[in-house]
Amino acid sequence: MVKRTIHISNPAHLYTRNEQLVLELKDDDRTTKILPIEDLGVVILEHPQITFTANLLEKLMNEKVAVITCNSKYMPSGMFLPLEGNSEQTERIRTQLEASLPLKKQLWQQTVRSKILNQALVLRKLDLPDARLLRLQNDVLSGDSSNCEAQAASHYWGQLYGKEFTRTQDKNTPNAQLNYGYAILRSIVARALTSSGMFPSVGIHHRNKYNAFCLADDIMEPYRPFIDWHVLQLPDLHDSEEGLTREQKTELLKLPQIDVLIGEVKRPLFHAVSITTASLYRCFEGTQRKITYPEFE
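Because the structure is a prediction, the values reported are computed rather than measured.

Conventions used here
- Residues numbered from 1 in each chain as written.
- Predicted model: local features only at pLDDT ≥ 70, side-chain atom pairs only at ≥ 80, totals over all residues.
- Heavy atoms only, no water.
- Phe/Tyr/Trp six-rings, centres within 6.5 Å; stacked < 30°, edge-to-face > 60°.
- Helix = DSSP H or I, 4+ residues; strand = E, 2+ residues; numbered from the N terminus.
- Buried < 20%, exposed > 50% of the residue type's maximum accessible area, 1.4 Å probe, protein only.
- Lys NZ or Arg CZ within 6 Å of the ring centre and 35° of its normal.
- Pairing = 2+ DSSP bridges.
- Axes fitted to C-alpha atoms, helices over the stretch in contact; angles between N-to-C directions.
- Contact = heavy atoms within 4.5 Å.
- Core = buried A, V, L, I, M, F, W, Y, C linked by side-chain atoms within 4.5 Å.
- Parallel < 35°, antiparallel > 145°, perpendicular 65-115°, else oblique.
- Salt bridge = Lys/Arg side-chain N within 4 Å of Asp/Glu carboxyl O.
- Arc of directions from axis to C-beta.

Enquirer: So, the packing of aromatic side chains: which residues are in play, and what are the values?
Expert: If you walk through the whole model with that rule in mind, you get eight aromatic pairs. Here Trp-229 and Phe-296 contribute two aromatic rings whose centre-to-centre distance is 5.7 Å and whose plane-to-plane angle is 65°, an arrangement assigned as edge-to-face. Of this pair, Trp-229 sits in helix α8 (residues 224-232) while Phe-296 sits in the segment after α10 (269-285), placing them 67 residues apart in sequence. The class of Trp-229 is buried, set by a relative accessible area of 19%. Classification of Phe-296 as buried rests on a relative accessible area of 7%. Three or more aromatic residues joined by ring pairs make a cluster, and in this case those are Tyr-156, Trp-157, Tyr-161 and Phe-165. A cation over a ring is seen here: Arg-92 above Tyr-281, with NZ or CZ 4.2 Å from the ring centre.

Enquirer: Describe the sheet that holds strand β3 (residues 20-25), and please don't skip the residues or the numbers.
Expert: The four strands lie next to each other as β4-β3-β2-β6, forming an open sheet whose pairing is mixed. Across the chains shown, the open sheet's two edge strands, defined by having one partner strand only, are β4 (32-36) and β6 (50-52). Strand-to-strand twist in this sheet, taken as the mean axis angle between neighbours without regard to direction, amounts to 20°. Here strand β2 (residues 12-17) runs beside β3; their pairing, made up of six bridges, is antiparallel. Along β3, the bridge assignment pairs Ala-12 with Leu-25. Contacting β2, β3 and β6, helix α1 (residues 54-62) runs over the sheet at an angle of about 65° to β2.

Enquirer: Hey, could you go over unusual backbone geometry for me, with residue numbers and the actual values?
Expert: Most of the time, phi is negative for any residue but glycine, and the peptide bond is trans. Backbone torsion omega between Thr-173 and Pro-174 reads 0°, so that peptide bond is classified as cis. Checked against the element boundaries, Pro-174 lands in the loop between α5 (148-161) and α6 (175-195). With a phi close to 65°, Glu-19 is a non-glycine residue in the positive phi region. Unusually for a residue other than glycine, Asn-147 sits at a positive phi of about 55°. Of note, Asn-147 is situated in the loop between α4 (131-139) and α5.

Enquirer: Describe in detail the nonpolar core, supporting the description with residues and values.
Expert: Within the largest apolar cluster, 70 residues are counted, with the highest numbers of intra-cluster contacts made by Trp-157 and Leu-280. Residue contributions to this core peak at eleven residues, all from α6. Leaving out residues up to four positions away in the same chain, Trp-157 has contacts with Gly-162, Phe-165, Arg-167, Leu-178, Tyr-182 and Asp-228. In this structure, Leu-14, Leu-23, Leu-40 and Ile-50 belong to the second largest nonpolar core, which totals 19 residues.

Enquirer: Please set out the packing of α4 against α5 residue by residue, giving values where relevant.
Expert: Following both chains from N to C, one finds α4 and α5 inclined at 170°, their axes separated by 10 Å at the closest point. Relative to α5, the element α4 lies roughly antiparallel. Contact residues: Arg-132, Leu-133, Leu-136 and Asp-139 in α4; Cys-148, Gln-151, Ala-152, His-155 and Tyr-156 in α5.

Enquirer: Before we move on, could you go through the pattern of salt bridges and cite the residues and values that matter?
Expert: Throughout the structure, instances matching the rule amount to ten salt bridges. Note that Glu-297 is salt-bridged to Lys-266, the shortest N-O span being 3.3 Å. One end of the pair, Glu-297, is in the segment after α10; the other, Lys-266, is in strand β10 (residues 265-268), with 31 residues separating them in the sequence. The exposure class of Lys-266 is exposed, given its relative accessible area of 52%.

Enquirer: Help me get a handle on helix α2 (residues 89-97), residues and values and all.
Expert: Every buried residue of α2 is listed here: Gln-89, Arg-92, Ile-93, Thr-95 and Gln-96. Projected down its long axis, α2 carries its buried residues within an arc of 160°, all on one side. In this fold, the buried residues of α2 make contact with α7 (214-219) and α10.

That is the geometry; function is a separate question.
Structural data, given as C-alpha cells:
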C-alpha cells in the first residue's frame, strides 16, 4: 500500500483516538477529519498555529511516519524520526559504522554514476545534449576523486535553465520549487534509512558535522533527477514571480506516489527508496555489492 502524504497549512489541533489521527481545524465550524495512522508516510506541518499531542507523536513514530515542520517562510525546516526504526537496529548501526573506507568510496562511486545517468536521461527526454554526462558517468572513479558530480551538475543545470542559473536556497523560481521537492525527498530517504536500521547522520560521502542527515543526503542523490523532472512539469513554473505557489506545492506533495523504475519494476518512489536503503545495508554487511537505485525512463 502506498503511504499517504498529509499537508496541513491551516490552524489546527491534532490528536489521536482509536489509533487514528484526528485533525480538528480551528475554523468557525471546527471541521474534523479522521485519518488512519497506519496509512500515513509523511505529515507536513506548515502553519505556526498547529498543535498536537505527545501521544499522537508517539503513535506516528511507532508507525515510522516522518513528521516535517516548516519555518516562517513555509519551507521545511525540521523533522521527527523514530529512534527505534528496526528490531536489529543496534547490530545494523554497528555494521554501518564498521564499513571500511574503500567500501564507502565504492558505494559513493556507484551513487554518483547513478545520479549522472539519471541526469543524462532527463536531458535526453527533453531532447537536450546528454553526451557529456554519459562520458562523465563512465569517468567516475572510486570516491569520485575527479569530482565528476560537480562537472555533470554544471552541464546539467546549464542545459535545463541556462548557463546563468545557480542552485541556491533562495525562494526564487525554480530554486524554491526544487528545494521544496528535495526536502520531501530527504524526509522519505531519512525515514527509509531509519526503517532499515541505519543511522542517517553517518554518511558514505557527506560528513558535515552540522548535518544530522549526511547518509540521507548521500542516498537521495540519484533520486534528485526525478524531482527535477517533476518540477519542470509544474503548472505556471516560469510565471511564478513569487516563487512556490499553492498549486505547485500541491503537485510536489504527490512526489512520494510517482512511479519510478527500480530493478526493472515500476514502484512508487516511496517504496523504491525503501528498496534502495535495504540494499545499502546488504552492501554494508557484505551480502550485496551494488546499491539498487532507480533509473529514469
